[in-house]
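Report on the structure
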Amino acid sequence: QVQLVESGGGLVQAGESLRLSCAASGDIFSINVVGWYRRGPGKQRRELVATITSGGSTNYADSVKGRFTISRDNAKNTVYLQMNSLKPEDTAVYYCNADLRRVGLRGLRDYWGQGTQVTVSS
């Protein structure tokens, strides 16, 4: 069984910072790409915020480039999202997604965390 647990969300004022964490646990053999997604209030779809590969290559949505930084600690199976200069439009539930291989199983599978709320007041 695999579990992804996000933490670090909260209520902040515009211009402040937060760091989200996504910790993966369970019978994990390897983790490939990990991404952060978010769903804003009243929106039905999650949007991609940032991704990071096992080798450390990163990709960001245009709306967060220069403000957010994704990183990972492979030894801890944890991925972070450092969010600086937060804006009210960053308010959303942030989800972690991991593409990983479980011990004893072939192929990669997709897993999601339960989400953590980030609220930015103006």
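Quick summary incoming for the structure in this document. (Residues numbered from 1 in each chain as written. Predicted model: local features only at pLDDT ≥ 70, side-chain atom pairs only at ≥ 80, totals over all residues. Heavy atoms only, no water.)

What follows covers unusual backbone geometry. One non-glycine residue, Asn77, lies in positive phi territory at about 50°. Topologically, Asn77 is positioned in the loop between strand 7 (68-73) and strand 8 (78-83). For Ser85, which is not glycine, the phi torsion reads 50° and is therefore positive. Locating Ser85 in the fold gives a position in the loop between strand 8 and strand 9 (92-102). (Helix = DSSP H or I, 4+ residues; strand = E, 2+ residues; numbered from the N terminus.)

On to the nonpolar core. Grouped together as the largest cluster of nonpolar side chains are 31 residues, with contacts concentrated most on Trp36, Val49, Phe68, Ile70, Leu81, Met83 and Tyr94. Broken down by secondary-structure element, the contributors of at least two residues to this core are strand 1 (2-7), strand 3 (18-26), strand 4 (28-39), strand 5 (47-52), strand 7, strand 8, strand 9 and strand 11 (116-121). Here the element with the most residues in this core is strand 9; it accounts for 5 residues. Setting aside anything within four residues of it in sequence, one finds Ile70 in contact with Val34, Trp36, Ala50, Thr51, Ile52, Thr58, Tyr60, Val79, Tyr80 and Leu81. (Core = buried A, V, L, I, M, F, W, Y, C linked by side-chain atoms within 4.5 Å. Buried < 20%, exposed > 50% of the residue type's maximum accessible area, 1.4 Å probe, protein only. Contact = heavy atoms within 4.5 Å.)

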